[in-house]
Structures are given as structure tokens and as C-alpha cells.
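A closer look at the structure
Residues per chain, in single letters:
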Amino acid sequence: MSPPTTDADELTEQPRIPLNRRRVLRAAVRLADRDGIDSLTMRQLAQELGVEAMSLYHHVANKEAVLDGVAEVVLGEVIAAADEVEAPSPETDWRAALRARILAAREVFLRHGWAPRVLESRTTTNPLVIAYYDRVVAILRAGGFSFELAHRALHVLGSRALGFSQELFRPDGAQTADEEAAALMAELADRFPNIVGMLADAVHDDPDGILGFCDDQFEFEFALDLILDGLERRRAAGS
């Protein structure tokens, strides 16, 4: 008669999930989402996975490879979200089709607020970025844009085509955007009254819709709509 199975036996009998690149990168994204991108070190990542740090190097060469990988994961989510969004056909309404795609991409970045900074720090262009922009150009072409005007449109949209605005000002340190603005106003009120007045009036009241110091949802959509409307006027004018 076999001895009864104990809880300890059941724990030891459970198969160990093998480590692979996908599992490493998913853990890296989870860690960055929870604790911020600055917490993403090889040691912290190993602890997140419950493995020895040296075992990670079989799947990612170094931290830069991890950052390349998490950018790849997020971009994959962006393309999937944008491809699945419900929107009119670009032949019918290219602005609505492109706007829906961009806002779907932004939703992904709002889940991974650290991702824009990682993308901006990469020294090579990920093929998924090219694939995303290829779809953007396809929408513009279907909407009646020449290749020349589509090229200009991409320059005007910049990072907004992906769903985030690159920062004109980026506060340093651990202060929040509100704290940074308050400190700036107190220090520079006499020298720069117009900038200080603007900062005092610009209140970000939607913390869940903010990706950067001055990239909240209202301001993003405000700029996006201005760009799309302007592009439509140029397209309609045939230039």
C-alpha cells in the first residue's frame, strides 16, 4: 500500500515551467507595469521569475536586449489593438479610421505608461514600428492621399501616430507633474509670467489619461484632431 501523498509531495511533483524568451519578456513588462521601468534590472527580473539571474542570459543578452524585447511586446499589443478596433473604412472616412486606430494604440500605452520612454531610447527601429506605420500609410492612401502628402502627414503626426506625444518639457527627478509646475511657478513667476500663467491655468484632471508631463487625453485628442482636419484640407485641395 502506497503512503498517503502529502502537500509537500504535491508541490514537488508539479512541473517547473521552462524559461523562454517570451516568458522573460512578459515578466519584464509585468515588473515595469507594477514598479516602473527604473525597477527593471536583471536581478529584479530574475526574482520576478524565481530563477537565478545567470539563467536569464540564455534568453536575453543584457538589459538593453530586455528593453528591446519589452518594446517589442508593447508594439505587438499596439498592432493587435489597432487592427481589432471598430472603425469606418478609410475609403469612406479616412480621418475616423485613422483616429480610431491611433486612440486604440494610445490605450495600450496608457496601460504601459513607461513604454514611450523606452521606445524613444531605442537606437534601431523595430520592424513592428515599420509595420504599424505601413498600416497608417495604407489608410491615408485609401483616403485619397498621394505618397508625397502621406509622407508629410507622417512627419506632422510624429509619435502621435503611435498614440503618444513626445514631450516639449520633461521634468527630472521624482516630483510629479503638479509638483514640478508649482516649483517652476514659484521660482520663475517674475521672469517668465506668460509661461507661469499658462502652467497655472493648465490643469490635468484625468490622471488615468496622462502619459507624460503634458500629454493628457484631452490635449492629445485636441492636437490629433487639429492635425487630421488640416491634412484633410490639404488632401481636398490636391496638395
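Look up a bit, the structure's there.
Let me begin by describing the structure that accompanies this report.

**A look at the packing of aromatic side chains**
According to the stated counting rule, one finds four aromatic pairs in the structure shown. Centroid distance Tyr132 to Tyr133: 5.9 Å. Interplanar angle 90 degrees. Geometry classified as edge-to-face. We note that Tyr132, like Tyr133, is buried. The ring of Phe220 has Arg106 lying over it, and the distance from NZ or CZ to the ring centre is 4.4 Å. Across from the ring centre of Phe147, 3.8 Å away, lies the NZ or CZ of Arg141, which sits over that ring.

**So, a nonpolar patch on the surface**
Side chains of Phe192, Ile195 and Met198 sit close together on the surface and give an oily, nonpolar patch of about 270 Å² of accessible area. Along the chain, Ile195 turns up in helix H11 (residues 193–201).

**Section: helix H2 (residues 21–35)**
In this model H2 runs 21 Å from its N-terminal to its C-terminal C-alpha over 15 residues, within 8% of the 21 Å that 1.5 Å per residue would give. Every buried residue belonging to H2 is among Val24, Leu25, Ala27, Ala28, Val29, Leu31 and Ala32, and all of these are buried. Buried positions along H2 lie against helix H3 (42–49), helix H4 (53–56) and helix H5 (63–84). The N-capping residue of H2, defined by a side-chain oxygen 3.3 Å from the backbone nitrogen of Arg22, is Asn20.

**Looking at the nonpolar core**
Of all hydrophobic cores here, the largest spans 60 residues; its most connected members are Leu56 and Tyr132. Looking at this core, the elements with two or more residues in it are H2, H3, H5, helix H6 (90–111), helix H7 (115–121), helix H8 (127–142), helix H9 (147–157) and helix H12 (217–237). Residue contributions to this core peak at ten residues, all from H5. Dropping the residues within four chain positions of it, Tyr132 is found in contact with Val78, Ile79, Ala82, Arg101, Ile102, Ala105, Ala161 and Leu162.

**Considerations on the environment of Val29**
In this fold, Val29 is placed in helix H2. The exposure class of Val29 is buried, given its relative accessible area of 5%. Separated by 16 residues in sequence, Val29 and Leu45 place their C-alpha atoms 9.7 Å apart. When sequence neighbours within four positions are dropped, the list of residues in contact with Val29 reads Val70, Val73, His112 and Trp114.

**Points about the side chain of Arg122**
Among the secondary structure elements, Arg122 is positioned in the loop between H7 and H8. Ignoring anything within four residues of it in the chain, the contact list for Arg122 reads Glu64, Leu67 and Asp68.

Conventions and cut-offs
- Residues numbered from 1 in each chain as written.
- Predicted model: local features only at pLDDT ≥ 70, side-chain atom pairs only at ≥ 80, totals over all residues.
- Heavy atoms only, no water.
- Phe/Tyr/Trp six-rings, centres within 6.5 Å; stacked < 30°, edge-to-face > 60°.
- Buried < 20%, exposed > 50% of the residue type's maximum accessible area, 1.4 Å probe, protein only.
- Lys NZ or Arg CZ within 6 Å of the ring centre and 35° of its normal.
- Patch = residues over 30% accessible without salt bridge, like charges linked within 9 Å, V, L, I, M, F, W, Y side chains within 5 Å.
- Areas by Shrake-Rupley, 256 points an atom, 1.4 Å probe, with all protein chains shown as cover.
- Salt bridge = Lys/Arg side-chain N within 4 Å of Asp/Glu carboxyl O.
- Helix = DSSP H or I, 4+ residues; strand = E, 2+ residues; numbered from the N terminus.
- Expected span 1.5 Å × (residues − 1).
- Contact = heavy atoms within 4.5 Å.
- Polar contact = N/O pair within 3.5 Å; in protein donor to acceptor, adjacent residues only side chain to side chain.
- Core = buried A, V, L, I, M, F, W, Y, C linked by side-chain atoms within 4.5 Å.

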